[in-house]
Amino acid sequence: MGFLDKAKAAAETAATKAKEGVEEVQTKRELGQTYDELGKATYALIESGEVESPALTAIAEKITALKAQLETKSEPVAV
């Protein structure tokens, strides 16, 4: 096998590994987004009273407090 053949094989191997890495990153990103969707759906169910759980209620209360904090910070200041 000549030098160019070895270089070509190495490049193909590197390209395959890079593609696999990109696919893994995309899958991890999609997993994170799906967890986010689940959390938002769960929060909505807790707020509507359809789901009750002491463990989830504490987290939902924290989300509500953080949202209120953001709303007060984004209100325009009267001059």
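Residues numbered from 1 in each chain as written. Predicted model: local features only at pLDDT ≥ 70, side-chain atom pairs only at ≥ 80, totals over all residues. Heavy atoms only, no water.

**Notes on the overall build of the protein chain**
Our working definition: Under the scheme used here, helices are H or I runs from DSSP no shorter than 4 residues and strands are E runs no shorter than 2 residues, and both carry numbers assigned from the N terminus. Radius of gyration: over C-alpha atoms. The globule rule applied is 2.2 Å multiplied by the number of residues raised to the 0.38 power. The buried label goes to any residue with under 20% of its type's maximum accessible area, the exposed label to any with over 50%, and the partly exposed label to all in between, with areas taken from a 1.4 Å probe on protein chains only. Surface accessibility in these figures is a Shrake-Rupley result with a 1.4 Å probe; residues are shielded only by whichever protein chains are displayed. Charge counting follows a simple rule: Lys and Arg are positive, Asp and Glu are negative, and His as well as the terminal groups are ignored. Working definition for charges: the position is that of NZ of Lys, CZ of Arg, CG of Asp or CD of Glu.
Counting its secondary structure elements, the protein chain contains two helices and zero strands. Relative to the globule expectation of 12 Å for 79 residues, the C-alpha radius of gyration of the protein chain, 24 Å, shows a markedly less compact shape. Counting only C-alpha atoms, the protein chain reaches 75 × 45 × 15 Å along its principal axes. Looking at the 79 residues of the protein chain, the share that counts as buried comes to 4%. Accessible surface for the protein chain amounts to roughly 7,000 Å². Of this, 61% is attributable to carbon and sulfur atoms. Averaging the positions of the 10 positive and the 14 negative side-chain charges in the protein chain gives two centres separated by 11 Å.

**Here's the deal with the environment of L45**
Selection rule: Whether two residues are in contact is decided by their heavy atoms, any of which lying within 4.5 Å being enough.
Locating L45 in the fold gives a position in helix α1 (residues 3-48). Distance in space between the C-alpha atoms of L45 and K19 is 39 Å, their sequence separation being 26 residues. The contact partners of L45, leaving out residues within four places of it in the chain, are E50 and V51.

**Some thoughts on the pattern of salt bridges**
The following threshold applies: For this analysis, a salt bridge means a side-chain nitrogen from Lys or Arg found within 4 Å of a carboxyl oxygen belonging to Asp or Glu.
The full count for this structure, using the stated rule, is two salt bridges. In this structure, K28 and E24 form a salt bridge, with 3.2 Å as the shortest nitrogen-oxygen distance. Taken together, the residues K28 and E24, both in helix α1 and four residues apart, mark about one turn of the helix. Across the salt bridge formed by K40 and D36, the nearest N and O atoms sit 3.4 Å from each other. Of this pair, K40 and D36 both sit in helix α1, four residues apart, which is roughly one turn of that helix. According to the relative accessible area criterion, K40 is exposed, its value standing at 56%.

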